[in-house]
Amino acid sequence: MPEPEMLERAEGVNLYTKDGKKIIDVISSWWVNLHGHSHPYIANAIAEQANTLEHVIFAGFTHEPAIRLAERLLEILPDNQSKIFFSDNGSTATEVAIKMAFQYFHNQGEERKKIIAIDGSYHGDTFGAMSVGDRGPFTTPFDPYLFQVEFIDFPDKGKEEEVWNQFKTLIDGGDVASFIFEPLVQGASGMRVYSAELLDRMIAYAQQQDVICIADEVMTGFGRLGTLFAADQLHHKPDIICLSKGLTGGVLPMGVTSCTDKIQEAYRTNDLMKTFFHGHSFTGNPMICASANASLDLLLAEECEVNRRRINERHLAFQQQINGHSMVRNCRVLGTILAFDINTEKDTSYFNEARHHLYPYFISKGLLLRPLGNVIYLIPPYIISDSDLDYVYATIMEFLNSY
Ligand SMILES: Cc1ncc(COP(=O)(O)O)c(C=O)c1O
């Protein structure tokens, strides 16, 4: 691996290295940044909060930034969501969701042991999150310690009925506590898009059997797919939603797990043993809440919606341009995400290790693109300009035409 670049500062979509290079952050620094780097509105909100109440134990105390954030999230989340639980990042948001679902049954005197997940999924790096994620090189050292999960196949186009049958058989078999999924698109496994109709059908069927449906919207939340949440594109709403990444505008780490009143009801008791015992030292940190509140101001402004639509239209036009190119397979656009597979069959010796070649190539052109295997994807901050997008598309085209 090449040495890491030494960065000096970042502004808007640009990262500036110590030796004077400018790099456009086309992947929003691992999909977190929504409004550009070092955004003055968010920076000021954090600074103001730092000078007022920087941190306090979030047990026995609460504060305005946390209350405001929870209220505002519930306003924009699907209507069935009624409670917000704070944690630290995406992994803990999913960890909390898994625990919340198991304990929902435990508190009612029922022990359900199974979780259903989808092949290829990624939900984070803590043990619960790893357990419900795809097993591979990153989990190998821990595989003996991960709990058992029922994996269904990824519903590739044309395979929906087969996957539906796998799912239905598992649900009909009983003992299923929850079904966890990245809605509409799996991020880490290569921006793999799947059918909203199938997911809707699975959620509806699972909910009929009181199986808790957990949407991991850590990547898809906050406008990435066009709508504010992927769940907005579904008729049947998940019981639990996990959020992080763009929650704070991608500036500070925070996780949120929201749930329905039905789930909360199982915890509403004076029995201490039915408490949801999960907390972190920095839960509900006021500066992080201030960052999230400022990010929501920017996200909900009309300008941001216009930008998201503009990026989507530009992506769709570029998709037309590269569709049919001999180096491109399966170009997909969903909201502000564009992804395609490099046709590795064309030159296997070079592209077998595609990522290792593509990453330095694009860095040398001033673009931060971090391919997943042979998948090139764009997921830019919403403020990216048309001229920067022109440069990104032209550089990709130049690369494709050079082979
Ligand atoms: C869908 C999804 N869930 C969970 C996570 C884990 O988030 P974090 O890296 O903040 O722990 C990620 C990170 O990429 C993700 O894409």
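One can find the structure itself at the top, above this paragraph.
Notes on the structure follow.

Scoring rules and cut-offs
- Residues numbered from 1 in each chain as written.
- Predicted model: local features only at pLDDT ≥ 70, side-chain atom pairs only at ≥ 80, totals over all residues.
- Heavy atoms only, no water.
- Near = heavy atom within 4 Å.
- Polar contact = N/O pair within 3.5 Å; in protein donor to acceptor, adjacent residues only side chain to side chain.
- Nonpolar A, V, L, I, M, F, W, Y, C, P; charged D, E, K, R; others polar.
- Pairing = 2+ DSSP bridges.
- Helix = DSSP H or I, 4+ residues; strand = E, 2+ residues; numbered from the N terminus.
- Patch = residues over 30% accessible without salt bridge, like charges linked within 9 Å, V, L, I, M, F, W, Y side chains within 5 Å.
- Areas by Shrake-Rupley, 256 points an atom, 1.4 Å probe, with all protein chains shown as cover.
- Salt bridge = Lys/Arg side-chain N within 4 Å of Asp/Glu carboxyl O.
- Axes fitted to C-alpha atoms, helices over the stretch in contact; angles between N-to-C directions.
- Contact = heavy atoms within 4.5 Å.
- Buried < 20%, exposed > 50% of the residue type's maximum accessible area, 1.4 Å probe, protein only.
- Expected span 1.5 Å × (residues − 1).
- Arc of directions from axis to C-beta.
- Core = buried A, V, L, I, M, F, W, Y, C linked by side-chain atoms within 4.5 Å.
- Domains from an automatic or database assignment.
- Left-handed = near helix turned anticlockwise from the far one by under 90°.

## What about the site of the ligand?
Taken together, Trp31, Asn89, Gly90, Ser91, Tyr122, His123, Gly124, Glu182, Asp216, Val218 and Lys245 make up the full set of residues near the ligand. Contact between the ligand and glycine 90: an oxygen atom at 2.9 Å from a main-chain N or O atom of the residue. Lysine 245 has a polar side-chain atom sitting 2.9 Å from an oxygen atom of the ligand. For the shell around the ligand, the class distribution of residues is 3 nonpolar, 5 polar and 3 charged.

## Some points on the sheet that holds strand β3 (residues 22-25)
Reading across from one edge, β1-β2-β3-β15 is the order of the 4 strands in this open sheet, with mixed pairing throughout. At either end of the open sheet lies a strand with only one pairing partner, and these are β1 (7-11) and β15 (367-368). In this structure, β1 lies alongside strand β2 (residues 14-17), joined through 4 bridges in antiparallel fashion. Bridging across to β2, glutamate 11 finds its partner in asparagine 14.

## Regarding a nonpolar patch on the surface
On the surface, Phe127, Phe142 and Tyr145 cluster together into a nonpolar patch covering about 330 Å² of accessible area. Note on placement: tyrosine 145 falls in the loop between α5 (127-131) and β6 (150-152).

## So, the sheet that holds strand β13 (residues 328-334)
With antiparallel pairing, 3 strands are arranged side by side in an open sheet as β13-β14-β16. Two strands close off the open sheet at either side, each with one partner strand: β13 and β16 (375-378). Within the sheet, the average angular offset between the axes of one strand and its neighbour, ignoring direction, is 15°. Across 4 bridges, the pairing between strand β14 (residues 337-342) and β16 is antiparallel. Within β16, the position partnered with leucine 338 by the bridge is leucine 378. Across the sheet, helix α10 (residues 302-322) lies against β13, β14 and β16, angled at about 165° from β13, the strand it touches most.

## A closer look at the pattern of salt bridges
Tallied over the full model, the rule gives 19 salt bridges. The salt bridge involving arginine 112 is made with glutamate 110; its shortest N-O contact spans 2.8 Å. For arginine 112, a relative accessible area of 15% puts it in the buried group. The exposure class assigned to glutamate 110 is partly exposed, which follows from its relative accessible area of 34%.

## Remarks on helix α6 (residues 160-172)
Look at α6: 18 Å from first C-alpha to last across 13 residues, which is about the 18 Å you get at 1.5 Å a residue. Considered for burial, the residues of α6 that qualify are Val163, Trp164, Phe167, Leu170 and Ile171. Down the axis of α6, the smallest arc covering the buried residues is 130°, so these residues share one side. Considering only its buried residues, α6 is in contact with β5 (114-118), β6, β7 (176-181) and α7 (196-208). Immediately beyond the C-terminal end of α6, within one or two residues, lies glycine 174, with a positive phi of roughly 75°.

## Regarding the nonpolar core
Phe179 and Phe340 are the most contacted members of the largest nonpolar core, which has 95 residues in total. At 7 residues, helix α13 (residues 386-401) tops the list of elements feeding residues into this core. Built from parts of two domains, this core gets at least three residues from each of domain 1 (7-31 + 301-401) and domain 2 (43-299). Among residues more than four places away in sequence, those in contact with phenylalanine 179 are Ile116, Ile118, Phe167, Leu199, Met202, Val211, Ile212, Cys213 and Ile214. Counting residues in hydrophobic clusters, the runner-up holds 25 residues, among them Phe85, Met100, Val132 and Ala177.

## Some points on the pairing of β5
Burial within β5 is extensive, with 4 of its 5 residues counted as buried. Of the pairings in the sheet, the one linking β5 to β7 comprises 3 bridges and is parallel in character. Bridged to isoleucine 115 within β7 is serine 178. Looking at chain direction, β5 and β6 are connected through 3 bridges and run parallel. Among the inter-strand pairings, alanine 117 is bridged to a residue of β6, identified as phenylalanine 151.

## Observations concerning the packing of helix α3 (residues 64-76) against helix α9 (residues 286-300)
To characterise two packed helices, one gives the angle between the axes of the helices and the distance between these axes. One can describe the packing of α3 onto α9 by two numbers: an axis separation of 9 Å at closest approach and a directional angle of 35°. Between α3 and α9 the crossing geometry is left-handed. For the pair α3 and α9, the contacting residues are Pro65, Ala66, Arg68, Leu69, Arg72, Leu73 and Ile76 in the first and Pro286, Cys289, Ala290, Ala292, Asn293, Leu296, Asp297 and Leu300 in the second. A breakdown of the residues in the contact of α3 with α9 according to their chemical character gives 11 nonpolar, 1 polar and 3 charged.

## Considering α7
Spanning 13 residues, α7 covers 18 Å between terminal C-alpha atoms, matching the ideal 18 Å at 1.5 Å per step. The distance from a side-chain oxygen at the start of α7 to the backbone nitrogen of glutamate 197 is 3.2 Å, and the residue carrying that oxygen is serine 195. Aspartate 210, located one to two residues past α7, shows a positive phi value of around 60°.

Don't take any of this as a statement about function, it's just geometry.
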